[in-house]
Amino acid sequence: MTAVEETPAEEGERPIGYGRLLRKEDPRLIRGMGNFVDDIQLPGMLHLAILRSPVAHARIANIDTSAAQAHPKVVAVITGADLAEQGLAWMPTLSNDVQSVLATDKVRFQHQEVAFVVAEDRYSARDALELIDVEYDMLPVISDVRSALDADAPVIRDDLEGKADNHIFDWETGDEASTNEVFERADVVVSEEIIYPRVHPAPMETCACVAQVERVSGQLTLWSTTQAPHAHRTVYALVAGLPEHKIRIIAPDIGGGFGGKVPIYPGYVCAIVASLVIGKPVKWTEDRTENLVSTGFARDYIMKGEIAATSDGKILAVRTNVLADHGAFNGVASPIKYPAGFFGVFTGSYDLEAAHCKMTAVYTNKAPGGVAYACSFRITEAVYLIERIVDCLAFELDMDPAELRLKNFIKPEQFPYETKTGWVYDSGDYEPAMRKAMDMAGYAQLREEQAEKRERGELMGIGISFFTEAVGAGPRKDMDILGLGMADGCELRVHPTGKAIVRLSVKTQGQGHETTFAQIVAEELGIPPEDIDVIHGDTDNTPFGLGTYGSRSTPVSGAAAALVARKVRDKAQIIASGMLEASVADLEWVKGSFHVAGDPSKSVTIQDIAMRAHGAGDLPDGIEGGLEAQICYNPTNLTYPFGAYICVVDIDPATAEVKVRRFIAVDDCGTQINPMIIEGQVHGGLADGVGMALMEMIAFDEDGNCLSASLMDYLIPTSLECPDWETGHTVTPSPHHPIGAKGIGESATVGSPPAVVNAVVDALKPFGIRHADMPLTPSRVWETMQGNHTAPI
Amino acid sequence: MQVNIVINGQEVTEEIEPRMLLVHFIRDQAGLTGTHWGCDTSNCGTCVVLIDGEPVKSCTTLAAMTSGHQVTTVEGMEVDGVLDPVQEGFMQCHGLQCGFCTPGMMLTARALLDQNPDPSEHEIREAISGQICRCTGYSSIVRSIRWAAENGTPVSLEGASS
């Protein structure tokens, strides 16, 4: 393969050097030679399986494990009571709540972890689960989030001292008084209850780990499906009381994460405990049902949205009241001062006079989580709210939704722009992106076609979404997770022959870090990318940092990689000055070498300098040998990627089936590193959006039974539900990122659901429909056409 | 019970429990971890292998049912150091990101191209519609398979591996 071949960029991409480089990850993955956690086999390795609760809320009256213990291939059976003796029955969540590792007092959601079995093989471990007898005393269930705060609601979290209700937090942003004042004088006010149902990232690889505790040294090595190996190491040190220098977390190849592999799940802790107790390596691999019913869900917001405008379509203010379902434990993975994540950017891409949000979060008898599925810390919900309510306003004003958006965009000269909820958008130029998407779509022709089709009774819809994201968490003075500042380290070592290794604190789950980070360093240092290897996903061999989620790898670690390369280059310049017998100030850098100003013939390459740095000759005074550097990058602000999306759907009037005919996505993620990878990130997110808008939902019945416990019930788009995506871009660099990059990993997942829903609702306009909630399955669309639209939760 | 399965041209004979799934046989007995497991319910297709040239979901196939048959996994696609054009296509067209669904996708593509060397976009989408990719949104997978159709000489895996 020619991974190093420089492919010319397409016009307008303006990437940094090397552009559409083929990926360094691919040669092993296309040969089946990746190394995923379940691929790991260690001598004497045992297998762990977890017994889960069949009911959503019940007191545990008794657990009888004797039959399971007697199974010939079973090595251990552990219950919550066993863990409690070691003080390990509960663990902290990433939101300063606690979550049980194995239930001791009662179970609080269906499929909660109750006991585990360790056996010689994976089949025997599963067999033995059937032999454990648990008696449950049933308790009333809170399945409907709207009843969680009723006076007679059962208290789910009676484990918390003094807890007498299911309330978690109230949160508020913006200014209520000024927002109300604007609403009172507005010509038009539109209100709508907008629901973002519970969904699940469902990566193709479920969660898994192999724990190995060395008896003598006490060293724990954990191969784990984690997006944040360093943060996990610290949490394990806090949970299990293991000294942190004796913990090594290895995240090998990861089969997709999408946020679902940020939290620490009980299964990981169980495997560590098992290896600690038994003294052998222990593997835990969850099955698909366990993945869907117990690991990090996403969304579950009921949002009452209101928008105020003048009669000619100037948007004045937005306000919202949100009820957030966090499940049985508050396991949200957000910066700790942001309990609602970055939902505060619900003001969108518009220049408003006022905005206000009030939110209440509650416990219910459902799986914990809340931030996953490529949501950029709740920006999916925020973008869905604003982009849906703007379309409701367009409906009421009988105005074209594109025209309404164009009229209200923040203008380029207003950047940096501080929103009414206090977010400082770094850079943006919205209208060209919107116009470009409209040109690509042939927007005017589409509207003409739609008008003709409506005459014939055909249902065609055109949906628009314009989003602004806030990614790259974040400035450490504001953002931390469990006290760990959201900065990221990077280490760069240039070997004597000029080959280099760069070590990252972030971890790819498919985003291509091994390629793009080599490109960043190559661009800064002039070493070709094939001579640069990227090391990541191993806490013993990489610098500390908070990991890959919230689209933060490029904005934070990408900045670190650029700056560490510049630091190495600065040292190289001093060494070059000695080699060229010229002053440092007289040297000029041309990618890959220094030469004396005015005399290009007197030059040394970075490779020459690397050899000199490690060689026998003298170095300039005060300069140590070697050519390497390390930094820890603390971003000064978030970055704010944006994009304009247009979706075209056709609805079969007889079956109410929605077909996505076209999807046009224009993204602006600032400076591009590898346009091929950017396009891939966008494509994947668009498929997510189609899935969430049309088919995906984690549903529960009134007893708290999860109705979406397999991929037969939790539908994910296939190749037949997805169109051939049409992508484009504009480039508006971030002013504070060293190379101007903004991050792209979640843009499409954030931006696409409202485009699809807006298209479906637009198609249903002849029925007088202004709003319909996801997932817009044929039955829900049919009911909407009949005037029987019901809320999904 | 004893089973005897030819995997990528190599005979694998093992004593197994009758209930053992083919995916576990391939991964745990034969040690070929390129075949992945994803859902248990035949929905995701990350476990697809070829049995006598036909794509089959190995998570819902008993190893015992495959005894005496030829199985091709992703490890059998590269022959004598030469990549299958499908593998090359996936690299060239960014047909993979995390790489977890990739082996199954590529084997389905190989079976499709063996039957139909010049498939249309829709025929490709039909062929891979029993498999899920969470990363790529499928367009680049479709392009990868078209790349293989346009740039590759069809390779008979069975012939090459025997």
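Fair warning: this is a prediction, and the values are worked out from it, not measured in the lab.

A few words on the overall build of chain A. On a plain count of helices and strands, chain A comes out with 18 helices and 33 strands. Since a compact globule built from 793 residues should have a radius of gyration of about 28 Å, the 27 Å found for chain A is in line with a globular shape. Projected onto its principal axes, the C-alpha positions of chain A cover 80 × 75 × 50 Å. Among the 793 residues that make up chain A, the fraction classed as buried is 67%. Considering only residue pairs separated by 6 or more positions, chain A has 79% of its internal contacts joining residues 24 or more positions apart. Here chain A has roughly 25400 Å² of accessible surface; of this, 49% comes from carbon and sulfur atoms.

Bringing the overall build of chain B into the picture now. Each helix and strand in chain B was counted, giving six helices and five strands. Its C-alpha radius of gyration of 15 Å places chain B within 12% of the 15 Å reference for a compact globule of 162 residues. For chain B, the proportion of contacts with a sequence separation of at least 24, taken over those separated by at least 6, is 58%. Of the roughly 5700 Å² that chain B leaves accessible, carbon and sulfur atoms contribute 47%. Each charge class in chain B can be summarised by its mean position, and for the 8 positive and 20 negative side chains these summaries are 11 Å apart.

Our next topic: the interface of chain A and chain B. Where interface size is quoted, it is often the accessible area lost as the parts come together. Listed by partner, the interface residues are 58 residues for chain A and 49 residues for chain B. Buried surface at the junction of chain A and chain B, both sides included, amounts to about 4400 Å², of which 55% is carbon and sulfur. When residues of chain A are sorted by the area they lose upon contact with chain B, Ile30(A), Tyr123(A) and Met204(A) head the list and together hold 19% of the total. Remark: the boundary between chain A and chain B carries nine salt bridges. Where Arg134(B) meets Glu696(A), a salt bridge forms, and the shortest distance between an N and an O atom there is 3.0 Å. Where chain A packs against chain B, one counts 27 residue pairs in polar contact (both at pLDDT 80 or more). Of all the secondary-structure elements, those providing two or more residues to the side of chain A that touches chain B are α1 (26-29), α4 (122-129) and α16 (675-694) of chain A. The greatest single-element share of the side of chain A that touches chain B, amounting to nine residues, is contributed by α16(A).

Right, let's talk about the nonpolar core for a bit. Counting residues in hydrophobic clusters, the biggest one holds 224 residues, and the most contacted among them are Leu48(A), Phe342(A) and Phe343(A). Residues from two domains meet in this core; each of domain 1 (2-76) and domain 2 (85-154) of chain B gives at least three. In this structure Phe342(A) touches Pro335(A), Ser376(A), Phe377(A), Arg378(A), Ile379(A), Trp423(A), Ala470(A), Ala473(A), Met479(A) and Leu638(A), once residues within four positions along its chain are discounted. Ile520(A), Ala560(A), Ile631(A) and Tyr633(A) belong to the second-largest nonpolar core, a separate cluster that totals 47 residues.

Residue Pro416(A) follows Phe415(A) across a cis peptide bond; omega there is -5 degrees. Secondary-structure assignment places Pro416(A) in the loop between α10 (401-408) and β19 (417-418). Following Ala473(A), the chain continues into Gly474(A) via a peptide bond in cis, with omega recorded as -25 degrees. With respect to the secondary-structure elements, Gly474(A) resides in the loop between β21 (459-468) and β22 (480-481). Although it is not a glycine, Asp52(B) sits at a positive phi angle of roughly 50 degrees. Here Asp52(B) lies in the loop between β3 (48-51) and β4 (54-57).

Residue and element names in this part refer to chain B. As assigned here, chain B comprises domain 1 (2-76) and domain 2 (85-154). On a C-alpha basis, the centroid separation for the pair domain 1 and domain 2 is 21 Å. With 17 residues of domain 1 at the interface, the matching set in domain 2 holds 15 residues. In terms of surface lost to domain 2, no three residues of domain 1 exceed His36, Val48 and Val74, which account for 36% of the buried area on that side. If you look at where domain 1 meets domain 2, you find zero salt bridges.

With that settled, consider helix α7 (residues 266-278) of chain A. All names here are of chain A. Given a rise of 1.5 Å per residue, 13 residues ought to cover 18 Å, and the 18 Å separating the end C-alpha atoms of α7 matches this to within 8%. Judged by how many residues are buried, α7 sits mostly within the fold: 11 of 13 residues are covered. Turning to α7, its buried residues number three or more, namely Pro266, Gly267, Tyr268, Val269, Cys270, Ala271, Ile272, Val273, Ala274, Ser275 and Ile278. Just past α7, the residue glycine 279 takes up positive phi, approximately 85 degrees.

Attention now goes to the packing of aromatic side chains. Remark: the centre distance and the inter-plane angle together describe each pair of aromatic rings, the angle taken between the planes. Residues and elements named next belong to chain A. Enumeration according to the criterion identifies 26 aromatic pairs over all chains in this entry. With 5.7 Å between their ring centres and 70 degrees between their planes, phenylalanine 409 and tyrosine 430 make a pair best called edge-to-face. Here the residue phenylalanine 409 occupies a position in the loop between α10 and β19, and tyrosine 430 occupies one in helix α11 (residues 430-441), the gap between them amounting to 21 residues. These aromatic residues form a ring-pair network of at least three members: Tyr350, Phe409, Phe415, Tyr430, Phe466 and Phe642. One cation-aromatic arrangement involves arginine 198 over phenylalanine 297; the distance from NZ or CZ to the ring centre is 3.3 Å.

What follows covers empty space enclosed by the protein. Residue and element names in this part refer to chain A. Per the stated rule, a full pass over the model turns up eight cavities of 30 Å³ or more. The space that makes up the largest cavity amounts to roughly 550 Å³. Lining the largest cavity are 39 residues, and of these Gln511, Gln681, Ile744, Gly745 and Glu746 sit closest to its centre. Breaking the lining of the largest cavity down by element, the ones donating at least two residues are α13 (513-525), α14 (553-580) and α16. The greatest single-element share of the lining of the largest cavity, amounting to seven residues, is contributed by α16. Tallied by class, the residues present in the lining of the largest cavity amount to 11 nonpolar, 24 polar and four charged. In terms of lining residues, the second largest cavity is bounded by 14 residues, among which Gln99, Pro263, Ile264, Tyr265 and Gly331 are the most central. The residue inventory of the lining of the second largest cavity, partitioned by class, reads eight nonpolar, six polar and no charged.

All names here are of chain A. Evaluation of the coordinates by the stated rule reveals 70 salt bridges over all chains. Across the salt bridge formed by aspartate 38 and lysine 283, the nearest N and O atoms sit 3.5 Å from each other. On the criterion of sequence distance, the pair formed by aspartate 38 in the loop between α1 and β1 (46-52) and lysine 283 in strand β14 (residues 282-285) is long-range, its members being 245 residues apart. Under the relative-accessibility criterion, lysine 283 is labelled buried at 1%. Glutamate 387 is the partner of arginine 405 in a salt bridge, and the nearest nitrogen-oxygen pair spans 2.7 Å. Here the residue arginine 405 occupies a position in helix α10, and glutamate 387 occupies one in helix α9 (residues 379-397), the gap between them amounting to 18 residues. When sorted by exposure, arginine 405 lands in the same class as glutamate 387, which is buried.

A separate point is the pairing of strand β1 (residues 2-7) of chain B. For a regular strand, side chains alternate in direction, first toward one face of the sheet and then toward the other. Bridge count between β1(B) and strand β2 (residues 10-15) of chain B: six bridges; the pairing is antiparallel. Across the sheet, residue Val6(B) finds its bridge partner in β2(B), namely Glu11(B).

Attention shifts here to a negative patch on the surface. Residue and element names in this part refer to chain A. A cluster of acidic residues, Asp64, Asp133, Glu135 and Asp137, forms a negative patch at the surface. Take the negative patch: its biggest share by element is three residues, from strand β8 (residues 133-138). Residue placement: aspartate 137 occurs in strand β8.

The next subject is helix α12 (residues 443-455) of chain A. All names here are of chain A. Helix length check: α12 (13 residues) gives 19 Å between terminal C-alpha atoms against 18 Å at 1.5 Å per residue, within 8%. Every buried residue of α12 is accounted for by Tyr443, Leu446, Arg447, Gln450 and Lys453. For α12, the angular spread of the buried residues around the axis is 125 degrees, confining them to a single face. Of the exposed residues in α12, the ones pointing more than 90 degrees away from its buried face are Gln445, Glu448 and Glu455. On its buried side, α12 packs onto α10, α11, β21, β31 (642-651), β32 (658-668) and α17 (747-763). Positive backbone phi, at 85 degrees, marks glycine 457, one or two positions downstream of α12.

Conventions used here
- Along each chain, residue indices are assigned from 1 in the same order as the chain's sequence is written.
- Here every chain gets a letter starting at A, and every ligand a number starting at 1, in the order they are written.
- In keeping with the model being predicted, local features are shown solely for residues with a pLDDT of at least 70 and side-chain atom pairs are shown and tallied solely at 80 or more, while totals for entire chains, interfaces and linings include all residues.
- Here the side-chain values reflect all heavy atoms present in the structure, with hydrogen atoms and water set aside.
- Runs of E in the DSSP output that reach at least two residues are strands. Runs of H or I that reach at least four are helices, and both are numbered from the N terminus.
- Here the globule rule reads 2.2 Å times residues to the power 0.38, and the radius of gyration is calculated from C-alpha atoms.
- Accessible area is worked out with a 1.4 Å probe on protein chains only. A residue is then buried under 20% of its type maximum, exposed over 50%, and partly exposed in between.
- Contact criterion: two residues are considered in contact whenever any of their non-hydrogen atoms come within 4.5 Å of each other.
- Under the convention used here, a 1.4 Å probe and the Shrake-Rupley method define accessible areas, while residue burial counts only the protein chains that appear.
- His is not counted here, nor are the chain ends, while Lys and Arg score as positive and Asp and Glu score as negative.
- To locate a charge, take NZ of a lysine, CZ of an arginine, CG of an aspartate or CD of a glutamate.
- Here's the idea: put two parts together, see how much 1.4 Å probe accessible area each one loses, and the total over both is what we call buried area.
- A carboxyl oxygen of Asp or Glu within 4 Å of a side-chain nitrogen of Lys or Arg is what we treat as a salt bridge.
- Here a polar contact is taken to be a pair of N or O atoms separated by no more than 3.5 Å, where protein atoms must pair a possible hydrogen donor with a possible acceptor and residues adjacent in sequence count only if both atoms sit in side chains.
- Throughout this description, the term nonpolar core refers to a set of buried Ala, Val, Leu, Ile, Met, Phe, Trp, Tyr and Cys residues connected via side-chain atoms within 4.5 Å.
- Per the annotation, domain bounds derive from an automatic or database assignment of domains.
- Here, expected helix span is obtained from the residue count minus one, scaled by 1.5 Å.
- When the centres of two rings from Phe, Tyr and Trp lie within 6.5 Å, Trp using its six-membered ring, the rings pair. Their planes under 30 degrees apart give stacked, over 60 give edge-to-face, and anything left gives tilted.
- Here, a charge over a ring means that NZ of Lys or CZ of Arg falls within 6 Å of the ring centre while also lying within 35 degrees of the ring normal.
- In the cavity and pocket records, a cavity denotes points on a 1 Å grid over the protein atoms alone where a 1.4 Å probe fits but cannot get out, a pocket denotes an open set with protein on both sides within 12 Å along at least 5 of 7 lines, and lining residues are residues with an atom within 4 Å of a point.
- Grid points are joined across faces, edges and corners, and a volume is the space filled by probe spheres set on the points.
- Amino acid classes used here: Ala, Val, Leu, Ile, Met, Phe, Trp, Tyr, Cys and Pro are nonpolar; Asp, Glu, Lys and Arg are charged; the rest, including Gly, are polar.
- Paired strands are those between which DSSP finds at least two bridges.
- Patch membership needs two things, relative accessible area over 30% and no salt bridge, and members are linked within 9 Å if like-charged or within 5 Å if nonpolar (Val, Leu, Ile, Met, Phe, Trp, Tyr).
- An arc is given here, and it is the one of the directions from the helix axis to the C-beta atoms.

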